[in-house]
Amino acid sequence: MHDLNSEFKNKICLVTGGSSGIGRGVAIEFGAAGAIVIVADIQEKSKIGKYHDTDIKTTTSEEIKKNGGKSEFFECDCSDEKNINELVSHIEDKYGRLDILVNNAGMHIPGSIEEIRVEEWDKVVNLNFRGIFILSKRSLNMLKKSKSGRIINIASIHAFHGVMGPAYAPSKSAVVNLTKNIAIALGKYNITANCICPGYIETPIQDYNTEKEILDYKKTLPLNRFGRPSDIANATLFFASN
């Protein structure tokens, strides 16, 4: 197996939604592999979950630095175009390039088409889909400067099902399709785009479930275990590698 640590050494890696959950797991692994990790999120503090991540003591950047890596936090609402532009400008000014973009920031507001309000629908779609389009578009000039630009989008297993309401699942379906589109468009610049569709991962986003729902769902899984952020991180590292 080739040495990922030398491959990622000093590569500039941006992880959105990197303070908690999957994003935190991804950012920590890139930090351990030698990348310079920019963690972008609406808050620096990691979310503490009811069922998972119940005892986190460090921020993502603190954890990366504690392990000998390089990282910084940038406060950004990835559904806000102005915030995204400020984030991109910061990276351009400080580093001059971007090698790896991990579009992970996302949210879910429970509710059926009868229950969810239009403003709530907009909120989910703006973060889960529109924000990925804008940040990917704004990052293109920097990704083109990289010898091997990488875009990795985190969608969901629900991209292929009709559950999880009229906002979350359709927004994740859109991310799958967008990834295919930009992979075709950007291949000529040696930029690859891939999408990961996680199932149940042990993160605070699961707080909306009841304990019974979680236990019942676990019984349906052949491995009898849920996914962990490190599982998604390993897939992300693979897609970012040569």
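Everything discussed here concerns the structure shown above.
Residues numbered from 1 in each chain as written. Predicted model: local features only at pLDDT ≥ 70, side-chain atom pairs only at ≥ 80, totals over all residues. Heavy atoms only, no water.

Turning next to the overall build of the protein. Each helix and strand counted, the protein has eight helices and six strands in total. For the protein, the sequential pattern of α-helices and β-strands runs α-β-α-β-α-β-α-β-α-β-α-β-α-α. Taking 242 residues into account, the globule formula puts the C-alpha radius of gyration at 18 Å, and the protein, at 17 Å, falls close to it. Projected onto the principal axes, the alpha-carbon positions of the protein cover approximately 45 × 35 × 30 Å. The buried share among the 242 residues of the protein stands at 50%. Taking as baseline every contact in the protein between residues at least 6 positions apart, the subset at least 24 positions apart corresponds to 74%. Measuring between centres, the 30 positive side-chain charges of the protein sit 6 Å from its 29 negative side-chain charges. (Helix = DSSP H or I, 4+ residues; strand = E, 2+ residues; numbered from the N terminus. Rg over C-alpha atoms; globule rule 2.2 N^0.38 Å. Buried < 20%, exposed > 50% of the residue type's maximum accessible area, 1.4 Å probe, protein only. Contact = heavy atoms within 4.5 Å. Lys, Arg positive; Asp, Glu negative; His and termini not counted. Charge placed at Lys NZ, Arg CZ, Asp CG, Glu CD.)

Scanning all chains against the criterion turns up twelve salt bridges. Close ionic contact of Glu 81 with Arg 138 constitutes a salt bridge, the shortest N to O distance being 2.8 Å. Of the two residues, Glu 81 is situated in helix α4 (residues 81-94) and Arg 138 in helix α5 (residues 118-145); the sequence distance between them amounts to 57 residues. We classify Glu 81 as partly exposed; its relative accessible area is 30%. Owing to a relative accessible area of 30%, Arg 138 belongs among the partly exposed residues under this scheme. For the salt bridge of Asp 99 with Arg 97, the shortest nitrogen-to-oxygen distance reads 3.1 Å. Overall, Arg 97 belongs to the partly exposed group, its relative accessible area being 29%. Sharing partners across several salt bridges, the network here consists of Arg 24, Glu 63 and Lys 66. (Salt bridge = Lys/Arg side-chain N within 4 Å of Asp/Glu carboxyl O.)

Orientation of α4 relative to α5, taken along the N-to-C sense of each, is 25°, at an axis distance of 10 Å. Considering the angle they form, α4 stands roughly parallel to α5. Classified by chirality, the crossing of α5 by α4 is right-handed. Contacts from Glu 81, Ile 84, Asn 85, Leu 87, Val 88, Ile 91 and Glu 92 in α4 reach Arg 130, Gly 131, Ile 134, Leu 135, Arg 138, Ser 139 and Met 142 in α5. Tallied by class, residues from the contact of α4 with α5 come to seven nonpolar, three polar and four charged. (Axes fitted to C-alpha atoms, helices over the stretch in contact; angles between N-to-C directions. Parallel < 35°, antiparallel > 145°, perpendicular 65-115°, else oblique. Left-handed = near helix turned anticlockwise from the far one by under 90°. Nonpolar A, V, L, I, M, F, W, Y, C, P; charged D, E, K, R; others polar.)

Across the sheet, which stays open at both edges, the six strands sit in the order β3-β2-β1-β4-β5-β6 with parallel pairing between neighbours. What marks the edges here is a single partner per strand, and that holds for β3 (70-75) and β6 (192-196). Along the sheet, successive strands turn relative to each other by an average axial angle of 15°, direction set aside. In terms of strand pairing, strand β5 (residues 150-154) meets β6 through five bridges, oriented parallel. The residue bridging Asn 153 from the neighbouring strand is Cys 195, located in β6. Each of β5 and β6 is contacted by helix α6 (residues 165-186), which is oriented at about 160° to β6, the strand it contacts most. (Pairing = 2+ DSSP bridges.)

Attention shifts here to the packing of aromatic side chains. Evaluation of the coordinates by the stated rule reveals five aromatic pairs. Judged by centre distance (5.4 Å) and plane angle (80°), the ring pair of Phe 8 and Phe 30 falls under edge-to-face. One end of the pair, Phe 8, is in the loop between α1 (4-7) and β1 (12-16); the other, Phe 30, is in helix α2 (residues 21-32), and 22 residues separate them in sequence. When sorted by exposure, Phe 8 lands in the same class as Phe 30, which is buried. Relative to Phe 239, the ring of Phe 238 has its centre 5.5 Å away and its plane inclined at 55°; by these criteria the two rings are tilted. Grouping aromatic residues by their ring pairs yields a cluster made of Tyr 200, Tyr 217 and Phe 226. The ring of Tyr 189 has Lys 144 lying over it, and the distance from NZ or CZ to the ring centre is 4.4 Å. (Phe/Tyr/Trp six-rings, centres within 6.5 Å; stacked < 30°, edge-to-face > 60°. Lys NZ or Arg CZ within 6 Å of the ring centre and 35° of its normal.)

Interpretation in functional terms is not warranted from these geometric data alone.
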